[in-house]
Amino acid sequence: MKTHLTVNGERYEREVEPRMLLSDFLRHELGLTGTHVGCEHGVCGSCTVLLDGEPVRSCTMLAVQGDKCRVTTVEGLACGSAMHGLQEAFSACHGLQCGFCTPGMLMTLLPVYNEARRLSDAEIREVISGNLCRCTGYQQIVEAARKAFDEAAAMAEDSDPDLDEAPSVPGVPTT
């Protein structure tokens with residue numbers, strides 16, 4: 001079957017097997033290996049990407065289901081050599097150890113970051129509750145998310161009130 005996807009702002013058209021998973025399409029057809037595959041059942045969250053701005057488990061979705069959709073992977077976060085605010089916070093707060101869960105965590109947190117609002121630790125834990133990490137004990141991940149959310153909210157507060165826009169990532173919708 002033919003599928004058309006826009007991934008990280010770039011349009012792709014490919015013939016794919018109808019049963020090809022979106023995670024396999026991203027990794028094997030496009031070479032975007034930042035989307036990790038862990039459990040292959042949608043439980044661990046390591047394969048999370050954004051589909052039209054919403055987090056989805058790419059290991060439980062067929063590539064053809066994403067036809068005519070916008071997909072954002074962890075590779076789409078950085079702007080050139082500049083890391084995204086979430087990536088900077090994860091680095092500063094040591095929010096990763098082995099790094100396997102990190103892409104899924106970042107993509108799960110991105111829509112909240114784009115809303116530029118502050119969350120409590122309990123709210124952050126709720127947001128990431130569908131993502132498993134075997135290394136960190138989650139505390140540094142929560143600290144990193146809080147740091148990034150606070151910085152995004154502060155930038156939004158300091159911005160021109162007439163614009164009323166949250167910080168955004170190129171190619172990632174903020175609504």
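Preceding block: the structure.
All of these numbers come straight from a predicted model, not from anything done at the bench. (Residues numbered from 1 in each chain as written. Predicted model: local features only at pLDDT ≥ 70, side-chain atom pairs only at ≥ 80, totals over all residues. Heavy atoms only, no water.)

Student: Looking at this model, I keep getting lost on the packing of helix 3 (residues 102-115) against helix 5 (residues 139-158). Mind explaining?
Tutor: In a packed pair of helices, the relevant descriptors are the angle between the two axes and the axis-to-axis distance. In contact at an axis separation of 10 Å, helix 3 and helix 5 are set at 30 degrees when each is read in the N-to-C sense. Classified by the interaxial angle, the pair formed by helix 3 and helix 5 is roughly parallel. Here helix 3 runs over helix 5; the crossing is right-handed. Residue-level inspection shows M105, L109, V112 and Y113 of helix 3 in contact with helix 5, the latter providing I141, A145, A148, F149, A152 and M155. (Axes fitted to C-alpha atoms, helices over the stretch in contact; angles between N-to-C directions. Helix = DSSP H or I, 4+ residues; strand = E, 2+ residues; numbered from the N terminus. Parallel < 35°, antiparallel > 145°, perpendicular 65-115°, else oblique. Left-handed = near helix turned anticlockwise from the far one by under 90°. Contact = heavy atoms within 4.5 Å.)

Student: What's the story with the sheet that holds strand 5 (residues 69-72) in this structure? I'm lost.
Tutor: In a beta sheet, neighbouring strands pair by backbone hydrogen bonds and run either parallel or antiparallel. Spatial strand order, 2-1-5-3-4: five strands in an open sheet with mixed pairing. Where the open sheet ends on each side, the last strands, each with one partner, are strand 2 (10-15) and strand 4 (54-57). The average angle at which neighbouring strand axes cross in this sheet is 40 degrees, direction not considered. Two strands pair when backbone bridges link them, and strand 3 (residues 48-51) and strand 4 are joined in this way by four bridges, in the antiparallel orientation. Counted as the bridge partner of T48 is R57 from strand 4. Across the sheet, helix 1 (residues 22-29) touches strand 1 (2-7), strand 2, strand 3 and strand 5, and the angle it forms with strand 1 is around 75 degrees. Of the strands in this sheet, strand 3, strand 4 and strand 5 are in contact with helix 3, which crosses strand 3 at around 35 degrees. (Pairing = 2+ DSSP bridges.)

Student: Is there a simple way to think about the nonpolar core in this case?
Tutor: Soluble globular proteins tend to bury their nonpolar side chains together. Among the nonpolar cores identified, the biggest contains 27 residues, and L86 and F149 are the most heavily contacted of them. Looking at this core, the elements with two or more residues in it are helix 2 (85-92), helix 3 and helix 5. Ignoring sequence-local partners within four residues, the contact set of L86 consists of L106, L109, L110, Y113, A148 and F149. Counting residues in hydrophobic clusters, the runner-up holds 17 residues, among them M20, L30, V49 and A63. (Core = buried A, V, L, I, M, F, W, Y, C linked by side-chain atoms within 4.5 Å. Buried < 20%, exposed > 50% of the residue type's maximum accessible area, 1.4 Å probe, protein only.)

Student: I tried to follow the pattern of salt bridges on my own but got confused; where do I start?
Tutor: If the charged atoms of two oppositely charged side chains come close together, the side chains can form a pair. Summed over the entire model, instances satisfying the criterion amount to ten salt bridges. Of the charged contacts in the structure, one is a salt bridge between D52 and R70, with a shortest N-O distance of 3.7 Å. In this pair, D52 sits in the loop between strand 3 and strand 4 while R70 sits in strand 5, placing the two residues 18 residues apart along the sequence. Among the residues examined, R70 registers a relative accessible area of 37% and is labelled partly exposed. E115 is paired through a salt bridge with R117; the nearest N and O atoms lie 2.4 Å apart. A relative accessible area of 43% means that E115 is categorised as partly exposed. (Salt bridge = Lys/Arg side-chain N within 4 Å of Asp/Glu carboxyl O.)

Student: Please explain the pairing of strand 2 as it appears in this structure.
Tutor: On a regular strand, each side chain points to the face opposite its neighbour's, so the side chains alternate between the two faces of the sheet. Bridge analysis of strand 1 against strand 2 gives six bridges, and the strand direction is antiparallel. From the neighbouring strand, L5 faces strand 2, where its bridge partner is Y12. What sits between the antiparallel neighbours strand 1 and strand 2 is a turn of two residues, in which N8 has the positive phi angle 50 degrees.

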